Amino acid sequence: MSVPVFRNYINGAWVDGPGFDNRNPANTDEVVGRFVKGSPADVASAADAAQAALPGWAAMNGPARGALLYRVAEILDSRFEQLGAEMTREEGKTLPEAKGEVRRAINIFRYFAGEGARLAGVLAPSERDRVHMFAVRKPVGVIGLITPWNFPSAIPAWKMAPALICGNTIVVKPASAAPLSSWRIVEACHEAGFPKGVVNYVAGSGGAIGSALVNARPVRAISFTGSCQVGNHLHAEASKRRLRIQLEMGGKNPTIVLADADFNQAVENTVNGAFFSTGQKCTATSRAIVEESIYDRFVEAVVERTRKLKVGDGMQPGIDIGPCVDQGQLDTVLHYVEVGKKEAGEPLCGGRRLTGAGYDKGYFVEPAVFAGVTQDMVIAREEVFGPVLAIMRARDLKHALEIANASEFGLSASLHTTNLSRMYEYIYGIEAGLVTVNLPSAGVEYQLPFGGTKDSSFGPKEQGPAAMEFYSDYKTVYVKY
Ligand code: NAP
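All figures in this text were calculated on a predicted structure; none of them were measured in a lab.

A. Summary view of the site of the ligand. Lining the immediate environment of the ligand, one finds 30 residues, of which Thr147, Ser176, Ser227, Met249 and Glu383 sit closest. A distance of 3.0 Å separates an oxygen atom of the ligand from a polar atom in the side chain of Trp149. Note that an oxygen atom of the ligand is positioned 2.9 Å from one of the side-chain N or O atoms of Lys173. Considered on its own, the ligand offers 900 Å² of accessible surface; in the complex 87% of this is hidden by protein.

B. Seen up close, helix α3 (residues 80–91). The end-to-end C-alpha distance of α3, which contains twelve residues, comes to 16 Å, matching closely the 16 Å that a straight helix rising 1.5 Å per residue would cover. The inward-facing, buried residues of α3 contact β4 (19–24), β5 (27–36), α2 (62–78), α4 (95–115) and α6 (180–192). Remark: Gly92 follows α3 within two positions and exhibits a positive phi of approximately 105°.

C. Summary view of the domain arrangement of the protein. One can read the domain layout of the protein as domain 1 (5–249 + 456–480) and domain 2 (253–437). Relative to domain 2, the C-alpha centre of domain 1 lies at a distance of 31 Å. The interface of domain 1 with domain 2 comprises 23 residues on the first partner and 25 residues on the second. A per-residue breakdown of the area domain 1 buries against domain 2 is headed by Ala26, Trp149 and Ser456, which together make up 25% of the total. Along the contact surface separating domain 1 from domain 2 lie one salt bridge. One salt bridge connects Lys361 with Asp29, and the closest N-O pair in it is separated by 2.8 Å. Taken together, domain 1 and domain 2 are joined by eight residue pairs in polar contact (both at pLDDT 80 or more). Breaking the side of domain 1 that touches domain 2 down by element, the ones donating at least two residues are β5, α3 and α4.

D. Just the layout of surface pockets, in detail. Computed from the structure, the largest pocket encloses a volume of approximately 950 Å³. For the largest pocket, the lining is made up of 39 residues, of which Trp149, Phe224, Gly226, Ser227 and Val230 are closest to its centre. Elements that contribute at least two residues to the lining of the largest pocket include exactly α7 (206–215), β11 (219–225), α8 (228–240) and α11 (327–344). If one sorts the elements of the lining of the largest pocket by residue count, α8 sits on top with six residues. Among the domains, domain 1 (5–249 + 456–480) and domain 2 (253–437) are the pair contributing at least three residues each to the lining of the largest pocket.

Cut-offs applied
- Residues numbered from 1 in each chain as written.
- Predicted model: local features only at pLDDT ≥ 70, side-chain atom pairs only at ≥ 80, totals over all residues.
- Heavy atoms only, no water.
- Near = heavy atom within 4 Å.
- Polar contact = N/O pair within 3.5 Å; in protein donor to acceptor, adjacent residues only side chain to side chain.
- Areas by Shrake-Rupley, 256 points an atom, 1.4 Å probe, with all protein chains shown as cover.
- Helix = DSSP H or I, 4+ residues; strand = E, 2+ residues; numbered from the N terminus.
- Expected span 1.5 Å × (residues − 1).
- Contact = heavy atoms within 4.5 Å.
- Domains from an automatic or database assignment.
- Buried area = accessible area lost by both parts, 1.4 Å probe.
- Salt bridge = Lys/Arg side-chain N within 4 Å of Asp/Glu carboxyl O.
- 1 Å grid on protein atoms, 1.4 Å probe; cavity = no way out; pocket = protein on both sides within 12 Å on 5 of 7 lines; lining within 4 Å.
- Points joined across faces, edges and corners; volume = space filled by probe spheres on them.

Right, here's the structure in full:
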């Protein structure tokens, strides 16, 4: 079967070049698509095209821009089944998870399309007589969007849609491990009739073209989601040019389980948060911090539930956990399992690479549970970004919060309790940007601000009304009449 080719998109045209293959992590014999390996020159052309398109796009009225975003949502919706299946094949998450993400990307486009008719500025009374004063929103300019592979549709959508509705023009640089889902959004923008140069897409290795994007003269802002290592590097580079920058990075997210919790719900949510999407969510639970009196029972129940999870090709019905996204991610998981064994002893379940029929051609690993983990251990401190859960013991809520907060990260956190007072103690005491109660630590919606604190994030939050702050600027006006 011939391999479909997905070219870069620059100034309204599909641009060819040397390619790289994207393979299905559940079956590496299958090439999902061949993508064009963009060069620094392609990035420069894309940024120039975005700059040329900026005045026209910024001058278009908000509702008209919104109409185009609604059209993108309609086009994506018309291909809903296809996009879900493609995401499972490129990233590995199960088909229901992939469809859920495509639905979210569509809803994000609809949500921000509606913002086109709002784009509210500020109106305030003047201290001076007969002076009318207000501030209107204006675009920031050309924006570089750098995205990771783990939410290959939703994350590009939650950067592209607010950037575009605010009147900015964009250059999208997708993750090399999963570039197809965002390519489909760009294709929908093309079909929806966006003016040429407003949306540009350049795939290729971040190491090879990332600098070209940050240093492209027209680029005024960067929105990045990915690892702390790359985020910190980008921050240093962008600061030299005083670019506006937003970084969403790693996490080591805790779930605190108190003795008064709904026990079964706590077990289910912990397993869900730790292992669904193969633990490859930035908001995944990687530490369960459990009150002493229920600790043994909780560990036993989590292990029993984890053993029932079915690992396999996410296209198959009944599968709970797909493969790791690539060899590098699988190696990272297996490395941390070895580290965990040295520190905490054998995992109570899982931790092995799966082999045999249905597994040999993919990057499958059994979800692993370590118990008796303490704060000094590497598996309690470093992000694994895979299906590895560390269970820790706490004397009470105060102690649990101390453990939870003894991390350089602060992305998401969850608490299980039926006690109102403890819930508020946690809500105000936990150092995290996304806080859930009686829910998994993962699973957020687009209508509210998204992002972390401490080393997990930098800059204004994404999504919801907060996104408008990053993607627009104010122009303040004083009129004497
Ligand atoms: P990554 O390696 O940092 O890659 C993220 C993006 O940056 C990719 O597009 C990558 O391109 C690009 N990149 C790599 N080197 C670059 C450079 N020198 N200059 C510019 N861009 C460069 O992260 P990942 O492995 O894709 O994603 C996993 C990480 O993302 C985890 O740490 C996870 O916690 C984090 N994450 C955070 C959130 C959040 O909202 N906080 C959400 C999802 C994921 P290539 O793919 O071509 O290397």
